[in-house]
Amino acid sequence: MAVKKTRRDLQHHERYMSRCLQLAQRGAGSVSPNPMVGSVIVVDNRIVGEGFHRRFGGPHAEVNAIACVDDEALLTRSTLYVNLEPCSHYGKTPPCSDLIIQKKIPKVVVACRDPHEKVAGKGIGKLREAGVDVIEGILEDEALKLNEAFIKSHVKNMPFVALKLAQTLDGKIATVTGRSKWITGKESRTHVHSLRSRYDAVLTGSATVLADDPRLTVRHTKGRNPLRVVLDRTLRLPLGAKVFNKEAPTLLFTSVESSNTTKLDRLQKNGVEVVHVDEKHGGLDLGEVLSVLHAKGILSVFVESGARLSASLLRSMLVDKAYIYIAPKLFGGDGLDSFAPLDVHTPDKAFLFRFEASFFFGEDLLLEAYTR
Ligand SMILES: NC(=O)c1ccc[n+]([C@@H]2O[C@H](COP(=O)([O-])OP(=O)(O)OC[C@H]3O[C@@H](n4cnc5c(N)ncnc54)[C@H](OP(=O)(O)O)[C@@H]3O)[C@@H](O)[C@H]2O)c1
């Protein structure tokens, strides 16, 4: 009997937590560098209030959920669900754990802890000390995945890095002449734009800018433009490249010293931020590039480069995830491979991935995979 009750409780908890995760996603592309958080308040098995974190600097999910409960007295016998541990510190808003205690909410269900150094268990500790019953770990894997960028950035002090490839069935990202527009169809390209809008930065190499002159903005769907980040070791890119237009901010990394160029001055006058980094293995030091981005509050980087930069990032073990769009067509052996040489001499030395999900977009297949 007791086991049955526990299972039913678990199902209830999962149902309400699933709603929190749904709500949280509505903050995608607006809340970074904060996490996506949703919250629901339940009384007698009925949702009486819900909310989510809408934009960076705005009220947290718990505050919005509590504010939408009409009858405050209900709070004293409610359960508050939230996908991330309530905060315990004064940031842009006061601590949510204090509000929960103040409103005498007796029970809180949390999906996962917040790795932010100012929270990290302190929010839950504060609630428990005040006598609040706290249940942890409901839909934890789903919650960790939803905020994978926020979590990696706080645990590893590096941005979360996802590679995007649009390739043919035979693994080519451009034809023999270097042309890649378009390999995949409209539906896939629209999906790429929606991913762009969810990442803080989009990163590419100078060779792709020269070949494709991309704008790297969000146009096929609504959403904010990410910071555009370009690696141009020798400052070879023309000032008229679309990536330097005013549609979105651009950050250029180079190893050229600031003293010796007028091009650099002109880029900066055009509003492009230029950062000097050292070289490593013949290219820019990618670890340093990502550290600079982390220091600027960039949690996630969407890489839309060619074969060389993708391979360099993999070889430096800096890739977390890949979005591989596969079009049902072949370019043949003279096309450009998705990755430059990786020096894999035996199969046991291969770079390993784990497939996470697959979707169809029009005629194309998207594989989502994580590096192992
Ligand atoms: N289908 C797709 O998804 C897709 C996406 C993007 C591009 N493409 C195609 O890919 C082709 C370009 O590919 P690509 O491999 O030549 O170019 P890439 O990977 O986009 O850019 C490579 C360039 O970035 C610069 N760079 C700086 N630091 C680096 C580092 N640590 N590692 C690697 N590169 C670094 C280097 O130029 P400097 O030394 O001059 O800085 C290097 O030549 C084009 O044909 C384009 O159409 C296809």
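The preceding data block contains the structure.
Each chain has its residues counted from 1, following the order in which its sequence is written. Totals for whole chains, interfaces and linings use all residues, but because this is a predicted model, local features are given only for residues with pLDDT of at least 70 and pairs of side-chain atoms are given and counted only at 80 or more.

**Looking at the site of the ligand**
- What surrounds the ligand is a group of 32 residues, the closest being Gly205, Ala207, Arg233, Gly283 and Gly306.
- Helix and strand definitions here come from DSSP, where helices need a minimum of 4 consecutive H or I residues and strands a minimum of 2 consecutive E residues; each element is numbered from the N-terminal end. Contributing elements (two or more residues each) for the shell around the ligand: strand S6 (160–168), strand S7 (172–174), strand S8 (201–205), helix H8 (206–212), strand S13 (283–284) and helix H11 (307–315).
- Tallying contributions element by element places H8 first for the shell around the ligand, with five residues. Think of it this way: take the backbone, place a C-beta atom on it, and check whether that atom is within 6 Å of the molecule or strand, in which case the residue is near it.

**A closer look at the pairing of strand S15 (residues 321–327)**
- Working definition of burial: number of other C-beta atoms within 10 Å of the residue's own, with buried at 20 or more, exposed at 12 or fewer, and partly exposed in between, all C-beta atoms being placed from the backbone. The element S15 is largely enclosed, with a buried count of six among its seven residues.
- Taken together, the seven bridges between S6 and S15 define a ladder with parallel strand orientation. Note that in S15 the partner of Leu165 across the bridge is Ile324.
- Strand pairing is assigned whenever DSSP identifies at least 2 bridges connecting the two strands. Pairing of S15 with strand S18 (residues 364–371) involves six bridges; the strand directions are antiparallel. Residue Ile326 lies in a different strand from S18, and its bridge partner there is Leu365.

**Some points on the environment of Lys152**
- Within the secondary structure layout, Lys152 lies in helix H6 (residues 148–156).
- Taking the C-alpha atoms as reference points, Lys152 and Ser300, 148 residues apart in sequence, are found 9.1 Å from one another.
- By the convention adopted here, residues make contact when the C-beta atoms placed from their backbones lie within 7 Å. Those residues in contact with Lys152 that lie beyond four places of it in its chain are Met158, Phe160 and Asp320.

In short, geometric facts, not functional conclusions.
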